[in-house]
Amino acid sequence: MLSASLQLLCLQAASALVVGSRAHRIAMAAPSTSRPFSSPEVAPRPGYSKADQVARYAAAQKENNARYLDIETVYDGSYLKGKRVLITGGNQGLGLALVKELHAQGAEVIVVGRRSSPELDALVGVQVITGVDVTDTAAVSGKMIDELKGEPVDYIINNAGYFWEPHETLENMNFEEQMKQIDICGLGPLRVSWAMINKGLVKGSIIIVTSQADSAEWRFTQNPEGGDYGHHMSRAACNMGGVLLAQEIKGKGIPVLLIHPGFNRTGMTSKFKHIWDIEGAVEASVGAKRVLHEVKGATLERTGMFVNAEDGLQIPF
Ligand SMILES: NC(=O)c1ccc[n+]([C@@H]2O[C@H](COP(=O)([O-])OP(=O)(O)OC[C@H]3O[C@@H](n4cnc5c(N)ncnc54)[C@H](OP(=O)(O)O)[C@@H]3O)[C@@H](O)[C@H]2O)c1
């Protein structure tokens, strides 16, 4: 039996370790150079977003949090002018909204995906590379790279994603669908980034549009009954790949930022239409500005971080 004072010491040491790990994360996030950030809004910020999405949105309303409720109050996309940006899955939903905003800001946009769409085709000057499934290594390292003609990009925005429609439980567990989600959302960003880095085609930052679905810690709040196995596992794989990539390429000066784009009213989330209002889901055009606001802060000081584009705070892995 441990004496009471020894038990107390052990408890204090254990809590110091836990606090230490968070403090370390925050310290890592602190600027390590004197290079000024583009604006304080996109500087590294300590602190974590709230797991409970209803409470998160309600708190933002109560505080009248302009950053959360009206992205226009902080967003300035002028930094994108003349930047060459490759984005995956830009033919619909959030990806299309990102493409439209990048285009409107004067970026040189290259969209990579399986197919185009009339709305995407209507954007004059956007290069669309079709026939590239992000699960197809040959197409990613072949067709996608060939059509870039050796010109490096300032940003890669890995946006393509997939969420199986039915709610997955033990009753309907579908391993094929799990592997498909893991391949698209988990390996897809890594495959595209790998092909680009290995050809020397990245001169700026790598963005991974991921999801709060990654966070194991948040499952205790967001999934009290479990479920949606493939979806959550795919994003956990995605974020693990992103963090490892960030570590491997920081020496090359290439930052990797993992961004949860917030809750957006797209085809992917139409099955959650009934909670769009209470959880503060926004139009994809707003979500795109939230994401691009964070992209502005994708510096080496934040490499490997997982950020919620709604409030700019971190999400625990
Ligand atoms: N909407 C939200 O609230 C929300 C929240 C968290 C995270 N996200 C993430 O944000 C991203 C965009 O979501 P969204 O709501 O805009 O979804 P969406 O409307 O379903 O669009 C998904 C995009 O990914 C592309 N895609 C899917 N599988 C692909 C593959 N194998 N190869 C290449 N492209 C593929 C789709 O192209 P096709 O036309 O070829 O299918 C489409 O362009 C996703 O990564 C999603 O997980 C969204």
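The residue count restarts for each chain, going from 1 along the sequence in the order it is written. Local features in a predicted model are, by the rule used here, given only for residues with pLDDT of at least 70; side-chain atom pairs are given and counted only at 80 or more, and totals for whole chains, interfaces and linings are based on all residues. Remark: hydrogens and water are excluded; side-chain values derive from all non-hydrogen atoms of the structure.

If you look the protein up in an unreviewed UniProt entry, it shows as Short chain dehydrogenase family protein from Chrysochromulina tobinii.

K.L.:
So what about the overall build of the protein? Which residues, and what values?
P.N.:
To qualify as a helix, a DSSP run of H or I must reach at least 4 residues; to qualify as a strand, a run of E must reach at least 2; elements of each kind are numbered from the N terminus. Broken down by element type, the protein carries 11 helices and seven strands. Note on exposure labels: buried denotes an accessible area under 20% of the residue type's maximum, exposed denotes more than 50%, and partly exposed covers the range between, all computed with a 1.4 Å probe on protein chains only. In the protein, buried positions account for 50% of the 317 residues. Across the protein, the fraction of contacts at a sequence separation of at least 24, relative to all contacts at a separation of at least 6, is 70%. Accessibility throughout is a Shrake-Rupley quantity obtained with a 1.4 Å probe, and a residue counts as covered only by protein chains that appear here. As displayed, the protein offers around 14,900 Å² of accessible surface, 58% of which is attributable to carbon and sulfur atoms. Residue contacts are defined here by distance: any two heavy atoms, one from each residue, within 4.5 Å place the two residues in contact.

K.L.:
Explain the pattern of salt bridges to me, using residue names and the numbers behind them.
P.N.:
Counted as salt bridges are all cases of a side-chain nitrogen of Lys or Arg within 4 Å of a carboxyl oxygen of Asp or Glu. Taken as a whole and judged by the stated rule, the model has 12 salt bridges. Here arginine 67 ties to glutamate 294 by a salt bridge, and the two come within 2.5 Å at their closest N and O atoms. You can see arginine 67 sitting in helix H3 (residues 66–69) and its partner glutamate 294 sitting in helix H11 (residues 284–295), a full 227 residues away along the chain. We classify glutamate 294 as buried; its relative accessible area is 0%. Between glutamate 108 and arginine 84 there is a salt bridge; the shortest N-O distance is 2.7 Å. A residue pair is termed long-range when its members are at least 10 positions apart, and glutamate 108 in strand E2 (residues 108–112) and arginine 84 in strand E1 (residues 84–88) qualify at 24 residues. Each of the salt bridges in this network shares a partner with another, and the network as a whole consists of Arg67, Glu294 and Arg302.

K.L.:
Could you give an account of the side chain of arginine 290, with specific residues and numbers?
P.N.:
Tracing the backbone through its elements, the reader meets arginine 290 in helix H11. Among buried charged residues, arginine 290 stands out as having no salt bridge; its nearest opposite-charge side chain is glutamate 310, 4.2 Å away. Beyond its immediate sequence surroundings of up to four residues, arginine 290 is in contact with Tyr68, Ile71, Val282, Ala309 and Glu310. Think of it this way: Lys and Arg go in the positive column, Asp and Glu in the negative one, and His and the chain ends go nowhere.

K.L.:
Explain a nonpolar patch on the surface to me, and be specific about the residues and the numbers.
P.N.:
Residues Leu170, Tyr229 and Met233 make up a contiguous nonpolar surface patch of about 310 Å² in total accessible area. Position of tyrosine 229 relative to the elements: it lies in helix H9 (residues 229–249). For tyrosine 229, a relative accessible area of 30% puts it in the partly exposed group. Within this analysis, patches are made of residues with over 30% relative accessible area and no salt bridge. Like charges are joined at 9 Å or less; nonpolar side chains (Val, Leu, Ile, Met, Phe, Trp, Tyr) at 5 Å or less.

K.L.:
Describe helix H2 (residues 53–62), and please don't skip the residues or the numbers.
P.N.:
Of the residues making up H2, those classed as buried are Gln53, Arg56, Tyr57, Ala59 and Ala60. Within H2, the buried residues cover an arc of 160° as seen down the axis, which keeps them to one side. The elements touched by buried residues of H2 are H3, helix H8 (216–222) and strand E7 (306–308). Between the side-chain oxygen at the start of H2 and the backbone nitrogen of valine 54 there is a gap of 3.0 Å, and the oxygen is on aspartate 52. Each C-beta atom gives one direction from the helix axis, and the arc is the one those directions make. Nitrogen and oxygen atoms within 3.5 Å of one another constitute a polar contact, given that in protein one can donate a hydrogen and the other can accept it, and given that sequence-neighbouring residues count only through two side-chain atoms.

K.L.:
I'd like a description of unusual backbone geometry, backed by residues and values.
P.N.:
At lysine 149, a residue that is not glycine, the phi angle is positive and equals roughly 55°. Looking at where lysine 149 falls in the secondary structure, it is placed in the loop between helix H6 (137–148) and strand E4 (153–158). Lysine 149 sits in the exposed class, given a relative accessible area of 70%. You will see that aspartate 228, though not glycine, has its phi angle at about 50°, which is positive. Within the element layout of this structure, aspartate 228 appears in the loop between H8 and H9.

K.L.:
Kindly report on the site of the ligand, identifying the contributing residues and their values.
P.N.:
Definition of nearness: a residue and a molecule or strand are near each other if at least one heavy atom of the residue lies within 4 Å of the molecule or strand. Taken together, 26 residues surround the ligand, and among them Asn91, Arg114, Asn159, Arg235 and Thr266 come closest. Glycine 161 is positioned with one of its backbone polar atoms (N or O) 3.2 Å from an oxygen atom of the ligand. Within the side chain of arginine 235, an N or O atom sits 2.7 Å from an oxygen atom of the ligand. In isolation the ligand offers 890 Å² of accessible surface; the protein chains occlude 93% of this area. Grouping the constituent residues of the shell around the ligand by class yields nine nonpolar, 13 polar and four charged. Any residue outside Ala, Val, Leu, Ile, Met, Phe, Trp, Tyr, Cys, Pro, Asp, Glu, Lys and Arg is labelled polar, Gly included; the first ten of those are nonpolar and the last four are charged.

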